[in-house]
Amino acid sequence: MNLCKATLEEFDSIVAFYDDVTDRTPDMEQYARWQKRKHPTIEGIRVYIEEGSMYLYKENGAIVGAMAVTMYQGEDYHSITWSQQVDDNKVAVIHILAVSPDYQGKGIGSEMIREAIRLAQTNGMKAIRLDALASNTPAHKIYKSLGFDYRGLQHLYAENTGWTDFYFFEYKKALKG
């Protein structure tokens, strides 16, 4: 697997990667609705790197995929009815997963999600979860095909979308944490 933990030295390259994904991903406005530097934010990317949660998928030294995998869940996950009740610090959450438009459709995103599941298991997490805009139907299909179940909806505010619906997903299999 070509996944490695990001470093602060790669910060500018990571921001440029997300800018490129936002600018060139087909149907971005319809599905994920990311906006350059509004989501993901530069500050958010830096925080993920500093806390050791940012991972990069590289080919020939170039970033072709990126995601954050936190080993905790935030309060916005509390109102969902999960299959199991788990302390926040025992839940891994996948955030800002992206694949370069030049590499989309080649299974890299799926491979990254499988690696996130392995990271969660290795770190003793008991569950792995994620959220996506309700409009992001292509992502929903991928998550379901990889063993995630839809668990609920929340109407939340995000800088890039305003008030909108988010779907929450949980990996079906209990992790051995």
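Before any of the text, the structure's been laid out above.
The model shown is predicted, which means the values in this text are computed figures rather than measured ones.

Colleague: What is the right way to read the packing of helix α1 (residues 11–24) against helix α2 (residues 42–50) from this model?
Modeller: Two numbers describe how α1 lies on α2: the axes approach to 10 Å, and their chain directions differ by 130°. Relative to α2, the element α1 lies oblique. The handedness of the crossing between α1 and α2 is right-handed. On α2, the residues that touch Phe11, Ile14, Val15 and Tyr18 of α1 are Ile42, Ile45, Arg46 and Ile49.

Colleague: Explain the environment of Asn89 here, please?
Modeller: Tracing the chain through its elements places Asn89 in the loop between β3 (62–70) and β4 (91–99). Along the sequence, Asn89 and Gly124 sit 35 residues apart, while their C-alpha atoms lie 9.9 Å from each other. Not counting chain neighbours up to four residues away, the residues in contact with Asn89 comprise Met71, Tyr72 and Met125.

Colleague: Sorry, what's going on with the nonpolar core here?
Modeller: Within soluble globular proteins, side chains that are nonpolar generally end up buried alongside one another. Among the nonpolar cores identified, the biggest contains 27 residues, and Met67, Ile94, Ile128, Tyr143 and Phe148 are the most heavily contacted of them. Secondary-structure elements contributing two or more residues to this core are β2 (54–59), β3, β4, α3 (108–122), β5 (127–133), α4 (137–145) and β7 (162–171). Broken down by element, this core gets its largest block of residues, 7 residues, from α3. Each residue touching Ile94, except ones within four places of it in the same chain, is listed here: Met67, Ala68, Ile113, Ala116, Ile128, Arg129, Leu130 and Phe148. If you look at the next biggest cluster of nonpolar residues, it comprises 20 residues, including Ile14, Val15, Tyr18 and Ala32.

Cut-off values and rules
- Residues numbered from 1 in each chain as written.
- Predicted model: local features only at pLDDT ≥ 70, side-chain atom pairs only at ≥ 80, totals over all residues.
- Heavy atoms only, no water.
- Axes fitted to C-alpha atoms, helices over the stretch in contact; angles between N-to-C directions.
- Helix = DSSP H or I, 4+ residues; strand = E, 2+ residues; numbered from the N terminus.
- Parallel < 35°, antiparallel > 145°, perpendicular 65-115°, else oblique.
- Left-handed = near helix turned anticlockwise from the far one by under 90°.
- Contact = heavy atoms within 4.5 Å.
- Core = buried A, V, L, I, M, F, W, Y, C linked by side-chain atoms within 4.5 Å.
- Buried < 20%, exposed > 50% of the residue type's maximum accessible area, 1.4 Å probe, protein only.

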